[in-house]
Amino acid sequence: MALSRRDLLKISAILAATSSFGSESSKKDVDIKKSISSYRVQNAPLPKPKGPRVVVVGGGWSGLAVAKYLKKFSPKTDVVLIEKRSVFVSCPLSNLWLVDLIDLQFLTHDYLQAAQNNEYIYFNATVYDIDRVSKKVYTNEGIVSYDYLVLAPGIDYDYEEWTNGNMELETKLKSLYPAGFIPGSEHFTLKRKIEEFEEGNFVLTVPGGNYRCLPAPYERASLIAWYMKKEGIKGKVVLIDENPDITIKKDGFNSAFNELYKDYIEYLPGSKITDIDLDKKRVVTDMGDEIDFSDASFYPRIRGAKLLEIVGVAKDSAFNKKEADIDPFTYQSKADPYIYCTGDVRPMGFSKSGNTANSEGHLVAKIIASVIEGKEFKWDSPITVCYSAVSGDPIRAISVNAKYAYDKKKKVFTFKDASTMENWKGKQGIMSGKGLLEWAKGMYRDMFM
Amino acid sequence: MERRSFFKICAKGTLLVAISPFLIEGYLKADDGRLFKSFNRVKLLDCYGNPLKEEILQEEVTYVFNYPYASTPCFLIKLSEPAAKEIKLRDEEGSEYIWKGGVGKDKKVVAYSAICPHQLAHPNPNESFLGYIPKEKKSMAYKEGGVIVCASHLSAFDPKTGAKVLAGPAKEPMASIILDVDEEGVFWASAVLGPAKFFDYFKSFKPELKEFYKNIRKAKKLVSLGAVVKPLDVYSKEVVIY
Ligand SMILES: Cc1cc2nc3c(=O)[nH]c(=O)nc-3n(C[C@H](O)[C@H](O)[C@H](O)COP(=O)(O)OP(=O)(O)OC[C@H]3O[C@@H](n4cnc5c(N)ncnc54)[C@H](O)[C@@H]3O)c2cc1C
Ligand code: FES
């Protein structure tokens with residue numbers, strides 16, 4: 001193609017511009033440094049606080065409740081919720097969506113609406129550091145100053161036991177066989193795996209420690225088995241459980257495994273994975289089992305979100321690594337009285353569930369409001385109400401309902417007024433299935449309306 | 001204002017009636033529109049449209065009527081024993097109010113807004129997760145019967161004492177509906193006492209209300225002529241309580 005004179009002029013102008021950049025490389029380095037430092041000191045584009053400012057990091061089940069109720073209990077407080085996601089996707093009930101029992105719309109919610117309805121600021125940014133001396137939160141969108149800080153960032157995965165520091169294996173596990181216990185892309189990958197599954201073993205794992213949502217791996221196993229059965233897939237779920245037995249709602253899950261999914265679930269309790277060979281697609285357990293799999297979702301141990309460690313408010317708990325080092329009744333950090341930690345990062349042995357995290361959020365809001373308003377507050381137990389589906393069409397569910405009490409002698413929390421409903425058969429199971437949806441709708445109302 | 005003339009105003013008006021000092025007295029220490037609101041004085045009717053009298057109410061059955069708005073359900077229950085009297089209650093923010101007790105022959109009849117103060121579960125034409133559990137029965141929410149439960153997150157309320165919270169995540173009582181019985185033995189509803197959640201309810205359930213009441217305006221219309229009282233299992237196709 002011939003170039004016109006006009007094109008030539010244009011090109012030479014571009015070339016001239018490019019070469020002028022290239023020739024001053026030392027000046028460029030200086031510019032980069034300058035731009036980084038000026039970016040670091042920039043304040044986030046937020047209005048000036050009109051009262052004491054409480055910054056809540058993490059808009060999950062706990063953080064959303066803190067933000068809403070703090071504003072309600074102490075209207076003069078200026079509340080900023082910093083959340084890295086732009087859309088809320090619910091972990092609870094996601095197992096139902098994996099097998100098409102509910103649609104995605106049921107799980108997704110709007111942060112802007114929550115903030116507007118409840119008169120706080122939603123700041124869509126990722127927190128990467130906190131300076132506790134000057135009380136500043138560093139985000140990718142600038143700095144936010146606080147008077148009080150609430151950390152509710154949830155969990156991170158702890159692959160150490162499986163990978164022993166082998167980052168290549170960890171990255172492969174995370175990207176090829178994600179756990180699906182932190183919502184987002186992991187869940188989409190898992191759903192695709194289930195939809196495209198042809199035959200063979202589908203491996204799922206239950207970690208040790210106080211992992212996020214005790215019943216969820218058993219619920220997931222049941223629902224994938226239900227899907228395989230319904231679709232006539234020649235395969236089964238192999239559920240490798242590090243715990244000696246089903247950790248919660250045992251009778252309900254056990255009877256579902258035996259009576260509904262005899263040919264579709266192979267349950268291996270008390271089994272620790274000692275080797276994962278992703279090339280051969282084989283896992284080995286300390287019980288001597290060698291399991292070949294067609295596909296899998298590996299749920300490793302969990303730990304407190306890394307942010308807590310970065311901030312210096314974490315400590316290994318009796319269950320998991322690097323959870324919040326807090327007073328269990330006031331949720332106040334032991335290292336810093338201006339920081340509170342709530343939700344799944346807590347070190348207390350409560351069930352790591354959305355309902356617990358939400359009810360704790362209400363309590364933490366009350367605690368901080370009482371500090372700001374100079375009022376008294378009374379500790380109240382978080383509440384665990386947790387339904388699990390065991391089959392679809394109609395959805396049948398089982399449930400647990402409990403509070404906690406402190407045993408002063410043993411210095412631990414124990415269940416109080418705990419009860420379970422584990423009969424998924426007949427009308428009762430179907431009613432609980434409806435209860436499961438109603439439970440979630442209520443929780444979403446609480447967080448977003 | 002005299003009792004008689006106050007009622008006259010209520011009967012005439014279709015709009016919100018100003019709070020009557022007569023009614024507030026004894027319920028609240030202060031004139032607080034937040035915890036006490038009078039609405040139209042409305043006659044309760046049975047399923048045939050006849051004025052509702054105590055004889056037709058069965059004990060320990062959950063009845064529902066819509067009040068004070070066309071879409072806000074209330075429970076009417078005739079307990080198996082007289083309700084308590086002069087109960088001090090508190091809303092979530094700590095404000096106190098007095099629930100005076102039941103009405104009717106043996107003061108057994110009580111009425112409450114059936115919108116759960118926890119996260120607003122309520123009976124709708126399709127289903128209800130709330131209802132009264134008779135004394136001889138039990139639910140997952142509470143160790144005894146004779147309570148109103150919300151199966152959504154398992155809160156339990158005591159209908160004998162102004163729907164005080166007995167168990168579960170609810171942090172305040174169900175709002176109560178002020179009832180009285182006229183000389184002919186007919187029940188009337190006239191006000192709402194306690195933390196009513198109507199505003200949050202209308203905000204949260206727009207799509208559902210549209211489905212059941214055609215549009216939100218119709219759902220928000222104040223009940224003015226009469227409110228039909230139906231058994232809960234007639235009002236809702238399915239009652240989901242465990
Ligand atoms: C599959 C599955 C099923 C479940 N089923 C149930 C159930 O049926 N019932 C039940 O009660 N619970 C259930 N749970 C558990 C429930 O989801 C968790 O316990 C709950 O989400 C914990 O709340 P949280 O607020 O502590 O953490 P999350 O809800 O995880 O919230 C943490 C938030 O912090 C944000 N964040 C983290 N780091 C940063 C940062 N640096 N900067 C900005 N934002 C940040 C995250 O994006 C996230 O939004 C289930 C969980 C899973 C995975
Ligand atoms: S909505 Fe009634 S207990 Fe939650």
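Cut-offs applied
- In this convention, every chain numbers its residues from 1, walking through the sequence in written order.
- In the order they appear in the text, chains get letters beginning with A and ligands get numbers beginning with 1.
- The predicted nature of this model means local features are confined to residues of pLDDT at least 70 and side-chain atom pairs, given and counted, to a pLDDT of 80 or more, with totals for whole chains, interfaces and linings taken over all residues.
- Water and hydrogen atoms were dropped before computing side-chain values, which therefore reflect all heavy atoms in the structure.
- Only DSSP runs of H or I reaching four residues or more are called helices, and only runs of E reaching two or more are called strands; each is numbered from the N terminus.
- Our radius of gyration is a C-alpha quantity, and the globule rule it is checked against amounts to 2.2 Å times the number of residues to the power 0.38.
- Throughout, exposure labels follow a simple rule: accessible area from a 1.4 Å probe, protein chains only, divided by the maximum for the residue type, with under 20% read as buried, over 50% as exposed, and the rest as partly exposed.
- Whether two residues are in contact is decided by their heavy atoms: any pair within 4.5 Å suffices.
- All accessibility values rest on the Shrake-Rupley procedure with a 1.4 Å probe; residue burial counts only the protein chains present in the view.
- In summary, the charge assignment counts Lys and Arg as positive and Asp and Glu as negative, without counting His or the chain termini.
- The atoms used to mark charge sites are NZ of Lys, CZ of Arg, CG of Asp and CD of Glu.
- Think of each axis as a best-fit line through the C-alpha atoms, taken over the contacting stretch in the case of a helix, with angles from 0 to 180 degrees between the N-to-C directions.
- When residues are sorted by character, Ala, Val, Leu, Ile, Met, Phe, Trp, Tyr, Cys and Pro go into the nonpolar class, Asp, Glu, Lys and Arg into the charged class, and all the rest, Gly among them, into the polar class.
- For this analysis, a nonpolar core means a set of buried residues of the types Ala, Val, Leu, Ile, Met, Phe, Trp, Tyr and Cys, connected via side-chain atoms within 4.5 Å.
- Two strands qualify as a pair provided that DSSP identifies no fewer than 2 bridges between them.
- Proximity is defined per residue: if any heavy atom of the residue lies within 4 Å of a molecule or strand, that residue is considered near it.
- Polar contact is the term for a pair of N or O atoms within 3.5 Å; when the atoms are in protein, one must be able to donate a hydrogen and the other to accept it, and sequence-neighboring residues count only if both atoms are side-chain atoms.
- One side-chain nitrogen of Lys or Arg within 4 Å of one carboxyl oxygen of Asp or Glu is enough to make a salt bridge.
- Defined here as a combined quantity, buried area equals the accessible surface (1.4 Å probe) lost by two parts on assembly, summed across both.
- Aromatic rings from Phe, Tyr and Trp, taking only the six-membered ring of Trp, are treated as a pair when their centres fall within 6.5 Å; an angle between ring planes under 30 degrees marks them as stacked, one over 60 as edge-to-face, and anything in between as tilted.
- Cation placement over rings: the criterion is NZ of Lys or CZ of Arg within 6 Å of the ring centroid and within 35° of the ring normal.
- Helix span, as expected, comes to 1.5 Å for every residue beyond the first.

> I'd like a rundown of the overall build of chain A, residues and numbers included.
Along the backbone of chain A there are 14 helices and 24 strands. Here chain A has a C-alpha radius of gyration of 25 Å; the compact-globule value for 449 residues is 22 Å, and the two agree. In terms of principal-axis extent, the alpha carbons of chain A reach across some 80 × 75 × 40 Å. Buried positions account for 55% of the 449 residues belonging to chain A. Considering only intrachain contacts with a sequence separation of at least 6, the fraction spanning at least 24 residues in chain A is 66%. Per element, the accessible surface of chain A, about 20300 Å² overall, is 52% carbon and sulfur. Treating the 62 positive side-chain charges of chain A as one cloud and the 59 negative ones as another, the clouds have centres 6 Å apart.

> Lay out the packing of helix α9 (residues 185–196) of chain A against helix α10 (residues 216–231) of chain A in plain terms, naming residues and giving numbers.
The packing of two helices is summarised by the inter-axis angle and the distance between the axes. All names here are of chain A. Look at α9 against α10: their axes get within 11 Å of each other, and the N-to-C directions meet at 35°. Contact residues: α9 offers His 187, Leu 190, Ile 194 and Glu 195, while α10 offers Arg 220, Ile 224 and Tyr 227. Split by residue class, the contact of α9 with α10 holds four nonpolar, one polar and two charged.

> If you had to explain the nonpolar core to someone new, which residues and values would you point to?
Residues and elements named next belong to chain A. Ranked by internal contacts, the top residues of the largest apolar core, which has 151 residues, are Leu 93, Leu 151, Phe 298 and Tyr 444. Counting residues per element, this core draws most heavily on α10, which supplies nine residues. Not counting residues within four places of it along the chain, the set of residues in contact with Leu 151 comprises Val 57, Ile 130, Leu 307, Leu 308, Val 311, Val 313, Ile 339, Tyr 340, Cys 341, Thr 342 and Val 345.

> How would you summarise the sheet that holds strand β11 (residues 199–206) of chain A if you had to cite specific residues and measurements?
Residues and elements named next belong to chain A. Ordered in space as β13-β12-β11-β17, the four strands form an open sheet in which the pairing is parallel. Each edge of the sheet is formed by a strand with only one pairing partner; in this case those strands are β13 (265–268) and β17 (295–297). Between one strand axis and the next, the sheet turns by 15° as a mean value, whatever way the strands run. On the sheet, α10 packs against β11, β12 (234–241), β13 and β17 and is oriented at approximately 170° with respect to β12.

> Can you lay out the pairing of strand β1 (residues 53–57) of chain A for me, pointing to particular residues and giving the numbers?
Residue and element names in this part refer to chain A. Most of β1 is tucked away: five of the five residues are buried. Side chains Arg 53, Val 55 and Val 57 project from β1 onto one buried face, and the interleaved Val 54 and Val 56 project onto a second face that is buried too. Inspection of the sheet shows β1 paired to strand β2 (residues 78–83) by five bridges, in the parallel sense. Paired with Arg 53 across the strands is Asp 78, a residue of β2. Bridge count for β1 against strand β9 (residues 148–151) is four bridges, and the pairing is parallel. Following the sheet pairing, Val 56 is matched in β9 by Val 150.

> Please give an account of the sheet that holds strand β14 (residues 273–277) of chain A that cites residues and values.
All names here are of chain A. Pairing within the open sheet is antiparallel, and its three strands lie in the order β14-β15-β16. Either end of the sheet is taken by a strand with one partner, and the two such strands are β14 and β16 (290–292). Mean inter-strand twist for the sheet, computed between neighbouring axes without regard to direction, equals 15°. Note that strand β15 (residues 282–285) and β16 share three bridges and pair antiparallel. Bridged to Val 284 within β16 is Glu 290.

> Describe in detail the site of ligand 1, supporting the description with residues and values.
Residue and element names in this part refer to chain A. In the vicinity of ligand 1 there are 36 residues, among which Glu 83, Arg 85, Cys 91, Asp 344 and Gly 354 approach most closely. Trp 61 places a polar main-chain atom, nitrogen or oxygen, 3.1 Å from an oxygen atom of ligand 1. Interatomic distance of 3.1 Å between a backbone N/O atom of Lys 352 and an oxygen atom of ligand 1. Considered on its own, ligand 1 offers 990 Å² of accessible surface; in the complex 95% of this is hidden by protein.

> So what's going on with the pattern of salt bridges? Which residues, and what values?
The final tally for this structure, using the stated rule, is 33 salt bridges over all chains. Across the salt bridge formed by Arg 303 of chain A and Glu 309 of chain A, the nearest N and O atoms sit 2.7 Å from each other. One salt bridge in this structure joins Lys 135 of chain B and Glu 81 of chain B, with 3.1 Å as the shortest N-O distance. Residue Lys 135 of chain B is found in the loop between β8 (130–133) and β9 (147–150), and its partner Glu 81 of chain B is found in the loop between β3 (73–78) and β4 (87–90); the two are separated by 54 residues along the sequence. Taking the relative accessible area as the measure of exposure, Lys 135 of chain B reaches 41% and is therefore partly exposed. One network of salt bridges, in which partners are shared, links Arg 212, Asp 344, Arg 346 and Glu 360 of chain A.

> An account of the environment of Trp 99 of chain B is needed here, citing residue identities and associated values.
Residues and elements named next belong to chain B. With respect to the helices and strands, Trp 99 occurs in strand β5 (residues 96–99). Judged by its relative accessible area of 5%, Trp 99 is buried. C-alpha separation for the pair Trp 99 and Leu 209, spaced 110 residues apart in sequence, amounts to 30 Å.

> Describe the interface of chain B and chain A, and please don't skip the residues or the numbers.
Interface size, as often reported, equals the accessible area lost upon joining of the parts. Tallying the contact residues gives 22 residues for chain B and 26 residues for chain A. Among the residues of chain B in contact with chain A, Gln 119, Met 140 and Tyr 242 of chain B are the three that bury the most area, contributing 27% of the side total. For the pair chain B and chain A, the number of links is two salt bridges. Inspection of the chain B/chain A interface yields six residue pairs in polar contact (both at pLDDT 80 or more). Elements with a contribution of two residues or more to the side of chain B that touches chain A: α3 (198–204) and β16 (238–239) of chain B. When the residues that make up the side of chain B that touches chain A are grouped by side-chain class, the tally is 12 nonpolar, five polar and five charged.

> Which residues make up the side chain of Asn 210 of chain A, and what are the values?
Residue and element names in this part refer to chain A. With respect to the helices, strands and loops of the structure, Asn 210 is situated in the loop between β11 and α10. Here the side chain of Asn 210 touches Phe 350 through a polar contact of 3.0 Å, landing on its backbone oxygen. Not counting residues up to four positions away in its chain, the partners in contact with Asn 210 are Ile 302, Phe 319, Asn 320, Met 348, Gly 349, Phe 350 and Lys 352.

> Describe the environment of Gln 58 of chain B, naming the residues involved and giving the relevant values.
All names here are of chain B. Within the fold, Gln 58 resides in the loop between β1 (36–45) and β2 (62–66). Assessed through its relative accessible area of 52%, Gln 58 is described here as exposed. Along the chain, Gln 58 and Lys 78 lie 20 residues apart, while their C-alpha atoms are 6.8 Å from each other. Discounting chain neighbours no more than four positions away, the residues touching Gln 58 are Tyr 63 and Lys 78.

> Which residues make up the packing of aromatic side chains, and what values go with them?
Here the structure, examined in full by the defined rule, presents 43 aromatic pairs over all chains. Between the aromatic rings of Trp 61 of chain A and Trp 439 of chain A, the centroid separation amounts to 5.7 Å while the plane-to-plane angle is 10°, which identifies the pairing as stacked. Placement of the pair is Trp 61 of chain A in the loop between β1 and α3 (63–73) and Trp 439 of chain A in helix α14 (residues 426–448), with a sequence separation of 378 residues. Judged on exposure class, the residue Trp 61 of chain A and its partner Trp 439 of chain A are both buried. One aromatic cluster in this structure is built from Trp 61, Phe 88, Phe 106, Tyr 111, Tyr 122, Trp 439, Tyr 444 and Phe 448 of chain A. Its end group placed over the ring of Trp 97 of chain A, Lys 191 of chain A keeps NZ or CZ at 5.2 Å from the ring centre. One cation-aromatic arrangement involves Arg 41 of chain B over Trp 188 of chain B; the distance from NZ or CZ to the ring centre is 4.1 Å.

> Describe α9 of chain A, with residues and values.
All names here are of chain A. Spanning 12 residues, α9 covers 17 Å between terminal C-alpha atoms, matching the ideal 16 Å at 1.5 Å per step. All of the buried residues in α9 are Glu 186, His 187, Thr 189, Leu 190, Lys 191, Lys 193 and Ile 194. Against the buried residues of α9 lie α4 (94–98), β10 (155–158), α8 (167–176), β11, α10 and β17.

So, to be careful, I would describe these as geometric facts and stop short of saying anything about function.
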